[in-house]
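Coordinates in review
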Amino acid sequence: MMGDSRRIRVLVQVLCVHLLCGWVLTSELTFELPDNAKQCFYEDIVVGTKCTLEFQVVTGGHYDVDCRLEDPDGTVLYKEMKKQYDSFTFTAAKNGTFKFCFSNEFSTFTHKTVYFDFQVGDDPPLFPNENRVTALTQMESACVSIHEALKSVIDYQTHFRLREAQGRSRAEDLNTRVAFWSIGEAIILLVVSISQVVLLRSFFSDRKTTTTRVGS
């Protein structure tokens, strides 16, 4: 019994360490991209490594941005114009520093908030010291299932946070437009009312000033 509890603790520790190490392999960032601006990021990648670039525009304008990915020689691997969100997976064909850029140069006055997730490499095996020829025990299989479920939960939470931020931004923008429209309607109504009053008073004042003289 003591051996089983000790094994459970070891498996839980391995799972936690693996999750922490998996996070290190992922670069996530949310940043503001001003109008007429371009922001680039760099990542050193080893040949044969599988990578995934995922991005989404959270706030700003029409929620679109230009994205470009280049290898160390400057060869364009991915290029999209005015995309709201997208995902691109590739395998590095050479060693070196890869560059990916986000551009808002087509926008003249609207800044954007951009989120990206750049994953480099696959997750290491959950039990690196285990002999893969033998089948996993029930506890190890449960740990693998929990690990995959936790990764899915993290992905879902990230996407839900992005959707919530995007929806809140749209709601605030719509609320601002409605408020300005209401103020404009009130000003127009006030101007029309004052104009009608002035116009009616001018009619009555013209009648008072006209006089008729009767000759004797």
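None of these values were measured; they are calculated from a predicted model.

For the structure on display, the rule yields one disulfide. For Cys40, the disulfide goes to Cys101, at an S-S distance of 2.0 Å. As the torsion about the S-S bond is roughly 105°, the Cys40-Cys101 disulfide counts as right-handed. Taken as a pair, Cys40 in strand β2 (residues 38–45) and Cys101 in strand β7 (residues 96–103) lie far apart in primary sequence, 61 residues in all. Take Cys101: its relative accessible area is 4%, and that puts it in the buried class. Cysteine Cys67 is unpaired, with the sulfur of Cys101 as its nearest cysteine sulfur at 8.3 Å. Overall, Cys67 belongs to the buried group, its relative accessible area being 1%.

Structurally, Asp66 can be placed in strand β4 (residues 65–70). When its relative accessible area of 10% is taken as the criterion, Asp66 is described as buried. Sequence separation between Asp66 and Glu80 is 14 residues, and the spatial gap between their C-alpha atoms is 5.8 Å. From its side chain, Asp66 meets the backbone nitrogen of Lys82 in a polar contact 2.7 Å long.

With 24 residues, the main nonpolar core has Ile45, Phe90, Phe100, Phe102, Phe116 and Phe118 as its most contacted residues. At the level of elements, β1 (26–33), β2, β3 (50–59), β4, β6 (85–91), β7 and β8 (112–120) are the ones that each hand at least two residues to this core.

Here we come to the pairing of β7. Across eight bridges, β2 lies against β7 in antiparallel orientation. Opposite Gln39, over in β7, you have Phe102 as the bridge partner. Where β4 and β7 come together, five bridges link them in antiparallel fashion. Its bridge partner being in β7, Leu69 is matched across the sheet by Phe100.

Let's shift gears to the UniProt feature "transmembrane region" (unreviewed entry) in the protein chain. Feature annotation in UniProt places "transmembrane region" (unreviewed entry) on residues 178–200, given in this structure's numbering. Secondary structure across residues 178–200 comprises 100% helix and 0% strand; the distance between its end C-alpha atoms is 33 Å.

Moving on: the sheet that holds β4. The strand order β2-β7-β4-β5 describes an open sheet built from four strands, whose pairing is antiparallel. The open sheet has two edge strands, β2 and β5 (76–83), and neither has a second partner. Along the sheet, successive strands turn relative to each other by an average axial angle of 10°, direction set aside.

Turning our eyes to something else, we now look at the pattern of salt bridges. Considering all chains together, one arrives at seven salt bridges under this definition. Across the salt bridge formed by Lys99 and Glu70, the nearest N and O atoms sit 3.8 Å from each other. Linking Lys99 in strand β7 with Glu70 in strand β4, this pair joins segments that are 29 residues apart in sequence. You can call Glu70 buried: its relative accessible area is 13%. Between Lys94 and Asp71 there is a salt bridge, and its shortest N-O distance comes to 4.0 Å. Highlighted residues: Lys94 in the loop between β6 and β7 and Asp71 in the loop between β4 and β5, separated in sequence by 23 residues. With relative accessibility at 30%, the residue Lys94 sits in the partly exposed group. Looking at Asp71, the relative accessible area reads 11%, which means it is buried. Several salt bridges converge on common partners, so that one network encompasses Arg68, Glu70 and Lys99.

Rules behind the numbers
Residues numbered from 1 in each chain as written. Predicted model: local features only at pLDDT ≥ 70, side-chain atom pairs only at ≥ 80, totals over all residues. Heavy atoms only, no water. Disulfide = S-S within 2.5 Å. Helix = DSSP H or I, 4+ residues; strand = E, 2+ residues; numbered from the N terminus. Buried < 20%, exposed > 50% of the residue type's maximum accessible area, 1.4 Å probe, protein only. Polar contact = N/O pair within 3.5 Å; in protein donor to acceptor, adjacent residues only side chain to side chain. Core = buried A, V, L, I, M, F, W, Y, C linked by side-chain atoms within 4.5 Å. Pairing = 2+ DSSP bridges. UniProt positions renumbered as here; feature names shortened; annotations may be inferred. Axes fitted to C-alpha atoms, helices over the stretch in contact; angles between N-to-C directions. Salt bridge = Lys/Arg side-chain N within 4 Å of Asp/Glu carboxyl O.

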